[in-house]
Amino acid sequence: MKEGKYNIEYFLSNKYFINWVNNPTEESDAFWQKWLRNHPESQEEFDQAKAVVLRINFKEEAKIGERKEALLDLILKNTPSQHYEVGRSKKPLIIAMLPALYRVAAACLVLVLMATFLFSEFSIENSNEVIQQTAFITKRNLKGQKTSFFLPDKTKVVLNAESEISYPEHFGEGSREIFLEGEAYFDVTHDAKRKFLVRSGEIITEVHGTAFNVQAYPETPISIALQRGLVSVYPAFTEQPTIPQYLRPGEMITVKKEFDSSIKGQFDAEQMMGWIDGKLVFKQATMETLITKLERWYDVEIKVEGNTTDTWKVNGVFQNESLENVLEGVKYARGISYQINDHQVLITVK
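This is a predicted model, so every value here is computed, not measured.

### Examining the overall build of the protein
- Helix and strand counts for the protein come out as 9 helices and 20 strands.
- Accessible surface, the protein as shown: approximately 19800 Å² in total, 50% of it carbon and sulfur.

### Section: helix 4 (residues 43-54)
- Along its 12 residues, helix 4 runs 16 Å from first to last C-alpha, staying within 8% of the 16 Å computed at 1.5 Å per residue.
- Within helix 4, burial applies to Glu 45, Phe 46, Ala 49, Val 52 and Val 53. Take helix 4 and look down its axis: the buried residues cluster within an arc of 130°, on one side only.

### Some remarks on the sheet that holds strand 19 (residues 337-341)
- As summarised here, the arrangement of the 3 strands in space is 17-20-19, forming an open sheet in which the pairing is mixed. Whereas interior strands pair on both sides, the edge strands pair on one side only; in this sheet they are strand 17 (301-305) and strand 19. Along the sheet, successive strands turn relative to each other by an average axial angle of 15°, direction set aside.
- Bridge analysis of strand 17 against strand 20 (residues 344-348) gives 5 bridges, and the strand direction is parallel. Its bridge partner being in strand 20, Lys 303 is matched across the sheet by Leu 346.

### Topic: the pairing of strand 19
- Of the pairings in the sheet, the one linking strand 19 to strand 20 comprises 5 bridges and is antiparallel in character. The residue of strand 20 that forms the bridge with Gln 339 is Leu 346.
- Linking strand 19 to strand 20, which pair antiparallel, is a turn of 2 residues; within it Asp 342 sits at a positive phi near 60°.

### Describing the side chain of Ser 200
- The topology assignment puts Ser 200 in strand 8 (residues 195-200).
- Ignoring any residue separated from it by four or fewer positions in sequence, one finds Ser 200 in contact with Leu 180, Val 214, Ala 216 and Ile 222.

### Concerning the pattern of salt bridges
- By the definition in use, this model includes 12 salt bridges.
- Here Glu 177 makes a salt bridge to Arg 199, at a shortest N to O gap of 2.2 Å. Pair noted here: Glu 177 is in strand 7 (residues 175-187) and Arg 199 is in strand 8, with a separation of 22 residues, a long-range link.
- Measuring nitrogen to oxygen at the nearest pair gives 2.6 Å for the salt bridge that ties Lys 283 to Asp 268.

### Topic: unusual backbone geometry
- The phi dihedral of Asp 299 is positive, around 55°, even though this residue is not glycine.
- Examined against the element boundaries, Asp 299 turns out to sit in the loop between helix 8 (287-298) and strand 17.
- Take Asp 299: its relative accessible area is 33%, and that puts it in the partly exposed class.
- Its identity is not glycine, yet Asn 320 carries a phi of approximately 55°, on the positive side.
- Among the secondary structure elements, Asn 320 is positioned in the loop between strand 18 (314-319) and helix 9 (323-334).

### Some words on the environment of Leu 36
- Inspection of the secondary structure puts Leu 36 in helix 3 (residues 26-38).
- Taking relative accessible area as the criterion, Leu 36 reaches 17% and is therefore assigned buried.
- Sequence separation of Leu 36 and Phe 46 is 10 residues, and the distance between their C-alpha atoms is 8.4 Å.
- Not counting residues within four places of it along the chain, the set of residues in contact with Leu 36 comprises Gln 43 and Phe 46.

### Comments concerning the packing of aromatic side chains
- Applying the stated criterion across every chain yields a total of 19 aromatic pairs.
- Ring plane angle 85° and centroid distance 5.4 Å describe the contact between Phe 17 and Trp 32, whose orientation is recorded as edge-to-face. Of this pair, Phe 17 sits in helix 2 (residues 15-22) while Trp 32 sits in helix 3, and the two are 15 residues apart along the sequence.
- Here the aromatic rings of Trp 32 and Phe 46 are separated by 6.2 Å at their centres, their planes lie at 50°, and the arrangement is tilted. Taken together, the residues Trp 32 in helix 3 and Phe 46 in helix 4 connect sequence positions 14 residues apart.

Thresholds applied
Residues numbered from 1 in each chain as written. Predicted model: local features only at pLDDT ≥ 70, side-chain atom pairs only at ≥ 80, totals over all residues. Heavy atoms only, no water. Helix = DSSP H or I, 4+ residues; strand = E, 2+ residues; numbered from the N terminus. Areas by Shrake-Rupley, 256 points an atom, 1.4 Å probe, with all protein chains shown as cover. Expected span 1.5 Å × (residues − 1). Buried < 20%, exposed > 50% of the residue type's maximum accessible area, 1.4 Å probe, protein only. Arc of directions from axis to C-beta. Pairing = 2+ DSSP bridges. Axes fitted to C-alpha atoms, helices over the stretch in contact; angles between N-to-C directions. Contact = heavy atoms within 4.5 Å. Salt bridge = Lys/Arg side-chain N within 4 Å of Asp/Glu carboxyl O. Phe/Tyr/Trp six-rings, centres within 6.5 Å; stacked < 30°, edge-to-face > 60°.

Structure, rendered in structure tokens:
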């Protein structure tokens, strides 16, 4: 059994994955299809976990459920056992006695036998059972768009341009978990019984009654900035125990590939969260940063002629200004010239 972070155990412990397999919707189909496009290396584990879920109905009679739970537990843990009861007979397992070279093959055999056993022994569907469906809602903004809305628990979300958020139509009893790609601001409704989790890439932000900003665009490091309350940040998958990073108001963390090397410190509120109030903020911004923000903010494609030096930086705050006004400001500050042709912009560095 593969020991990667997206192994079978990951999928079988993910309630949203299980719910999608049992009760697929258009929104959840789109979510998991996109997930697979982003993680093609996990296709095999994904398919195996899906096959297992399709053959398990945990709401059946208690003793049968226990038998299936035991089989599932055996595969997930890949641990040897002396006996396992199926029906009325007991047969010793030989996994513990096999040479190490054959144990992986034995685990795969158990997986196949389990799927066959469950498929033949138990019915896949129960026509008398009422299935509780939980649909996934996905909201996405294109470049040039920003939206504000409320989650099912009344948490306020402001979603930035070129960003996407997915969440269940109804939060469960245990937690409130959402998935974010891009940037969003959250003003979380307090709920002592259900923790609030934001999954952005491979990082989880756990909320303890709070207002905060998460920036998780694919091309940049993930950063979390806390306005009020308390959050803890930690990797979603880790081979070694990892101490969460706790943020207090006014603090932010920029997550590195090696989580323990992440950088925590104070942040400029206007620079990090000004976008919520329509402020386009540049503070010691390079040409690359300028282009990225303008393209995302105004839904344009920018080309640059000429070269900038390492000392080329621009500063400015523009609130609800047109693209032309912003470029006029940069022209005045840095001596550039520009041409706007619909969604195409040419900047010439002098």
